[in-house]
Structure formats: C-alpha cells, structure tokens
Amino acid sequence: MANDRGRLLRLLADIKDNTADYFKNPRKYLDALKDITTRSGFDSAGFVFKDSYERKELEAILAELTLLTQAAATTEEFKTVDIRSLPRIGKKMAESLDKQGIRTVEDMFYHFPYRYEYIGETLSGKKALTGVFKTGGIMLTKNRKRLYKAVFQADFGQFAAVWFHFSAKFPAGVLKEGEKYTLYGQSGTFGGLDSIVHPQFIKESEMGEIMPVYTLPKTVAQKVYHAAVKAALERYLGLVPDYLPARYETRYKYPSAKESLKLIHNPDTPYELSALSDRSHPAYQRFIYEELFYLQMGLLYKKKAYTRQEGIRFDIKMEYLEWIKKLLPFKFTHAQKKVMAEIFNDMSATGQMNRLVQGDVGSGKTIVAFTAGLVAVKNGWQVAVIAPTEVLARQHMANLVKLIQGTDVTAALLTGSMTNAEKKRTKEMIAAGHMDFVVGTHAVIQENADFMRLGLAIIDEQHRFGVEQRKTLIEKGYMPDILLMTATPIPRTLALSFYGDLDISIIDEMPPGRTPIITKHSNKIEDAHRLIADEIAKGHGAYVIYPLIDTSEKLDLKAATDEYEKLCEIFGEANVGLLHGRMKHEQKQALMDAFKAGNIKILVSTTVVEVGVDVPQATVMVIENSERFGLSQLHQLRGRVGRSHRQSYCMLITGKEVSEEGRERINAMCRHADGFRLSEIDLEMRGPGDFFGTRQSGLPEFQFSNIVRDVKVLQAARNDAAEVLAEDPSLSMPKNAVIKQVLAKKWKKELEYIDIA
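Not measured: the values here are computed from a predicted model.

Novice: Please clarify how the sheet that holds strand β12 (residues 454–460) should be interpreted in this entry.
Specialist: Two orientations exist for strands paired in a sheet by backbone hydrogen bonds: parallel and antiparallel. On the basis of which strands lie adjacent, the open sheet formed by 7 strands has the order β10-β11-β9-β12-β13-β8-β14 and parallel pairing. Two strands close off the open sheet at either side, each with one partner strand: β10 (411–414) and β14 (503–507). Here the average twist between neighbouring strands, direction ignored, is 20°. Sitting on the sheet, helix α15 (residues 390–404) touches β9 (382–386), β10, β11 (437–440) and β12, and the angle it makes with β10 is about 170°.

Listed below in structure tokens is the structure:
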C-alpha cells in the first residue's frame, strides 16, 4: 500500500510537471491512475474511466487526485511526527504535554490558543516598558505581605516592577545592575511610580508581536511552547491534509486548512484577535464546520443505512386498531395520534424503523408504544420492552397487564433480580414463542434470552442505552423495528447532534383533565410541612426528596435519613416511609406499593423516584436542597405529581445562600412548566457536554464546536450532508472520495454496526 501511495504521488507530480500534455493526451495518465487504484484498493475513490473527457472532467479528476494523495500519503506521515523532534521539547516537557493529549505535531496543530496577547499598549491595561535596572529588594506591604520591587530608569523617568510571588533565584537572580530590560505586563502605580505587576521579560524586538496563550500544564512555559509550534508550522504545515472538499471552502469563504492553522497560531494583525478569541473568525469557523459536517455525514449515512436494511413489513389493519381502541379507557390526544401515524408508516415500510419518541413527563408515550406493540403482536411477532431500572420495568409490566387483561395476549417480566429458576423458565417460554411481550431491564439484551420472532424493541429512556446495546439486540439475529422513548426533552440542536441518525417524533400535548402543577420556592422547610399537612388531610400523598443518603460534611446537605426521623416526629412513624438506592429491590417494591395504596402518606426518598413512578393520588413534591439538582432532574421529579385531576404542588426548598446559577434554575422552574423550554435553558446553562450527565457512547467528541453557540453552522452542515447523500447515497462519486475516506476513519466503529445490521 505504501508503494502505491508513492506511485500516486509520483503520478500527480508528473501531471503537474506536464499539465498541458495531461489535457492534450490524458489517456496515458488516466490509464496509470486506473492501474494504481485498481491494484491498491483506492478504487473506492470512484474515478470514472472512459474513452474521452471534457476539460472540466479532467480538472475535476486532477482536483480529486490531489485531495486523495493528500489524504492517503501525507496524513500517515504527519500523524506520527513526535513533538520531541521539535526544538526545546525534551523528555520531561513531552511527558507533561502527553498528559494533556499533545503527543504529535498533529495534536499540537489542533490544540488551539484560547486567547491572545498583543505585546504593546492594550485596552486591558497591559503595556511594555524599557529601562535600565537600578535597584531591587524585598518589601513589606501595610498588610505585612512580602513582595519584591525592582526600580528601572527609563527615558521618561523611573518605573517599578513588582512581584508578589518570587524566590531567591527569581527575579533577583536574573536582574543585573546597569543592564537594560524590556518588561511587559499589567500596568498600574506603586509607591508613586508607574509600575508593572508580575511582568514578563521580553526582547525589544518583540514589541508589537502577538503572543498566543494556550491551555498548558504549569511546567510548560507559553513562550517555549509557542516557539515549538512555530518550528512545527515551518517544517510540517505543508503536510496538513485538507479534509474539507474545496466546494464548501468556496461556498462559505473559508481559508484552507493550512491557511487556517497558520492564522490561528500566528495571527497577522491585532485586529483579528477579537474574532479569533470568540471563535467567529473564518479560520476557526472552518474547523467548526468541518467537524459538524462529518458528524452529520456519519449520522445521516447511518440513517440511510437503516432504511436500506430489509426490516419487517407490518400489516396495519383497521380491525387491529379497532380492537386496541376497545382496550383503552381514554381517547388519544391529537399529538398521540400524529405520532402513532408516524410509527405506523415506519412499521408498514420495508426498511427498519429507528424512531425516537420524545414527550414531556405524563404526555402518554408509553401507551403509544404499547399500541405499536399490540399491532406487532397481532402480526404474529414478539415485542421486547426494555427499561433502565427494575422499578420502571415492573411498572411497565403492571400497566401492560392492565391493558391486555381479558385478551389472549401474553406478557413476561425478565429482570436481574429474578432467581435462576425463574429466569430459566421465563426464557424457555420466550424462546418457544409463548410470550408476546417481554418486559425487562438490560437483562433482556445482555443475558442469553432468545426470542422466537422478535419484531419490535421498545427501549425506554433511550439516552441510557448506547450504540453497544442496540448492536447487541440486533446481533441476536433479528432485525426488529426499534422504537425509543425518552421523557427527557431534548433541545433541537442536541437532537440533531446526538440523534441525527434517528427519526424523531414529539408528543407535545398533555392528556385532558390534568391540572397544571403550582411550583413555589422557599428557604423554610416549615412552609413545606404546612403544605404536606394540608394535602394529607385531603387523603393525598407527598414526596420529600433529598440529594444524598448520608450526611456529608463537605456539602451542607440534609440527608434523607436525618429528615425521615424529623418527619416521623411531626406526622407519625406509620405515615412516613424512607426509600433509597441502597435498599434491596423487594424492600423498594413493598414501600412503593404501600405508598400507592395510601398506607404511607409521605415518601422520603433520594432521586430513585425520578423516572417512571406513577402514583396518581400524590399531589406534593418537596425537593430539599433543590439548588443542587440540574434543571432536567428537577423537572423529572416534578412530573411525579400532577398525574390526575387533583391540584398538585412542587415546593423547591433551598439554603439561604444559593449560587447565581442555582437561582437561575429555581426561577426557571417557577416560570416554566414546558419541559422543552426548560431543556433549552438547561442546555444554555450547562453546555452540551453535561446535558445527559454522561457522554453518549458511539459519538465523536466535539473538539472545536459548541452546538449551542454554533447552531447555525450545525444546521448548514446538516443540509450540506443531506445534499451530498441525496445525490450520491453510496459516496461513490470522485468528488466525494475524500468524504468517504474521512467518514470511514472517524466513524469506523459505528459503520461496522451498520454492516452488522
């Protein structure tokens, strides 16, 4: 392969040396190209070989050949150049930089400065002064703090340099009386003299220069690192491949990768610094666009691959729907009907369904999913319902049993806490096809549960399931339609980035008869106690939520165990239960059943009630230390009440001292009931990296882009990616050769899953 890359490079050089001959007699050059690509495996580049060519076609082939040779030949050389080959980077510095992920010249090139300093007078009050060192020594301030002060003689008079952090060696060890120095730093006055605090020593020739500032380990000096970057640019910039097709550079007026890197690490003028620092400069935007373009290419390529996979074609008969309608105790909302139509369209098509249903807490996602499941059962297929926790799996099972009561539809529960004998018996029933619905936790996927005819997989709270879990399900030899559900409203920008390979349906309407929840904030727990007392007197129930199970000295949080005892004193021990994550499943279930039945009036809990618990008579949700919770979590907890016609309340209790961000979250909860609006606010406050708590498995990390800041670039990148795949679904055209190569590298693991599917 290396030899063929060399031949490609030599052929390109030959064409460039004989451009006129190439256009006049292209056959000999293209025959050589055909020979190399056929033998080497570069035939995926998709060059079209024929008897005659238009000049435009020859120009296009030359452009793509240039890109191909860059991607094929130079990238490998460029990727492996060790930073230790650069001046002043020794073993210790290399080890420090290695911890920050900077090992090669490529790492160095794409580790961008986070700000810039202009060596000269700036608006921020920094300036450079030149003078001859006169005297220096340690002084004490009025507060008895030690500092080192040096006095210099300049043309305009004397000025001082001040160091609050100094040692025996610095700066006293480097300052020599009578020597001339140029110092740069924050200007001010000290002891009646113009002064510079903690100055850098610079050369006079550096005046007017721009100094990039990087995120670096403390042991690595900015000047030394930047000198190494400069040396790397001089030696290796020519090897940097341009992964972005030229047509997009032209469309958006982006500089090339080489020009962009040069500008980012060595800006030409101070006028560019503001745009470079806030990432709005075309040189930076180019890399943001490139990153998002390949993200969208990968997601949309996967999405198209799903529809190309031969799935199950379900028959959506009216008689099935009429039969299901009789099982329901209520009518569907317009939003539910719309989403079901989208699901049924997918199920009746030949391609595999991969649809995510989003809906706010209590919007009726589960019944929509069960309806799709009943249609699959009527078609003679089995349905897997997979939940993230055993509590939620058991609740799904209870709701499903109610729904199918009096029918011949069968259902089995399969969870991790079952005995081996129970699991064995259940698995045998599933494998024999005696169970239509199989409800369970990850055990359904991870353990050796074989289905006779798996037709539909319903996966709840999908963001807890990554690519690996989906792969495992498909690897069982089935090609089920996949219906994913989440009660965590996902902002549009995140949906495009994290779920861009799925079709998305939104249930944006609540069932009729639900009374809006009243949300209040207080820093007095007594307010919550009065509210609980009033509601208990009406026969209603209350949740009291705490963020920790044990008292923490580090964080001043009230633990659920301590508060449980206090509430027992106020309301009576028989009326209060304590639920936490360390309890055995049987204990949790018994407690939840008692609360549901009204035998316990108050349930004190950690956040284990966050998802899926459904107790219609519960009307109070008290959240202690609510400033410690994320917005999404607060909204999920609030959704545990307000599940009937009864007026419900959410009381957010905070400490007296709340951070600004904590106050913003509390205010947002009091102002907004809409989960989608809250999710947008949450995304703006926390950023995309923390939105789900853990990063989605199977997705590239964002190195340059921020999807909140760069939402317009994200949308443009998605439109461009869709345009490419609409014209060339298999990416076989010559102009898309580089796109296909980059995609294969960036999304290697994920594209393998598509092949498995």
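Novice: Would you explain the pattern of salt bridges in this entry?
Specialist: For the structure shown, the criterion picks out 23 salt bridges. Residue E117 pairs with R115 through a salt bridge whose shortest N-O separation is 3.1 Å. Judged by its relative accessible area of 32%, R115 is partly exposed. Note that K735 is salt-bridged to E727, the shortest N-O span being 3.1 Å. Using a relative accessible area of 44% as the deciding quantity, one classes E727 as partly exposed. One network of salt bridges, in which partners are shared, links D242, E249, R286 and E290.

Novice: I would appreciate a short explanation of the sheet that holds strand β6 (residues 193–202) in the present structure.
Specialist: With mixed pairing, the 5 strands of this closed barrel are ordered in space as β2-β3-β4-β6-β5. Strand after strand, the sheet turns through a mean of 50° between neighbouring axes, direction not considered. Relative to β6, strand β5 (residues 180–190) runs antiparallel, the two being bridged by 8 bridges. Looking across to β6, one finds that F190 is bridged to L193.

Novice: In this structure, what is going on with the confidence of the model for the protein chain? I would like to understand it.
Specialist: A low pLDDT means the predicted coordinates there should not be read in detail. Averaged over every residue, the pLDDT of the protein chain is 83; residues scoring 70 or more account for 85%. Segment residues 692–698: pLDDT under 50, and 15 contacts once partners within four positions in sequence are set aside and those in other chains are kept. Within the model, the stretch residues 753–757 combines pLDDT values under 50 with 11 contacts to residues more than four positions away or in other chains.

Novice: How do you make sense of the pairing of β5 when you look at a structure like this?
Specialist: Taken residue by residue, a regular strand's side chains alternate between the two faces of the sheet. Both strand β2 (residues 126–140) and β5 contribute to a ladder of 7 bridges, which runs antiparallel. In the strand pairing of β5, A128 is matched with Y184. Between β5 and β6, which pair antiparallel in sequence order, lie 2 residues; one of them, G191, sits at a positive phi of approximately 60°.

Novice: When you look at helix α16 (residues 420–431) in this model, what are you seeing that I'm missing?
Specialist: Because each turn of an α-helix spans 3.6 residues, side chains separated by three or four positions end up pointing in the same direction. Taking 1.5 Å per residue as the helical rise, α16 with its 12 residues ought to reach 16 Å, and the 16 Å between its terminal C-alpha atoms agrees with that figure. Every buried residue of α16 is listed here: K423, T426 and I430. Buried positions in α16, seen along its axis, are confined to an arc of 70° and lie on one side of it. Exposed residues lying more than 90 degrees from the buried face of α16 are N420, K424 and R425. On the buried face of α16, the contacting elements are β9, β10 and β11. One or two residues past the end of α16 sits G433, with phi positive at roughly 85°.

Novice: Explain the packing of aromatic side chains to me, please; I cannot follow it from the model alone.
Specialist: Aromatic rings considered in pairs are described by the distance between their centres and by the relative angle of their planes. Under the definition given, this model contains 31 aromatic pairs. Judged by centre distance (6.4 Å) and plane angle (85°), the ring pair of F330 and F332 falls under edge-to-face. Exposure remark for F330: the relative accessible area of 41% places this residue in the partly exposed category. When its relative accessible area of 17% is taken as the criterion, F332 is described as buried. Here a set of aromatic residues connected by ring pairs shows up, and it is made of F133, Y148, F152, F156, F159, W163, F166, F170, Y181 and F201. The ring of F287 has R286 sitting right over it, with the charged end atom 5.4 Å from the ring centre. When the ring centre of W381 is taken as reference, the NZ or CZ atom of R453 above it lies at 3.8 Å.

Cut-offs applied
- Residues numbered from 1 in each chain as written.
- Predicted model: local features only at pLDDT ≥ 70, side-chain atom pairs only at ≥ 80, totals over all residues.
- Heavy atoms only, no water.
- Pairing = 2+ DSSP bridges.
- Helix = DSSP H or I, 4+ residues; strand = E, 2+ residues; numbered from the N terminus.
- Axes fitted to C-alpha atoms, helices over the stretch in contact; angles between N-to-C directions.
- Contact = heavy atoms within 4.5 Å.
- Salt bridge = Lys/Arg side-chain N within 4 Å of Asp/Glu carboxyl O.
- Buried < 20%, exposed > 50% of the residue type's maximum accessible area, 1.4 Å probe, protein only.
- pLDDT = per-residue confidence, 0-100.
- Expected span 1.5 Å × (residues − 1).
- Arc of directions from axis to C-beta.
- Phe/Tyr/Trp six-rings, centres within 6.5 Å; stacked < 30°, edge-to-face > 60°.
- Lys NZ or Arg CZ within 6 Å of the ring centre and 35° of its normal.

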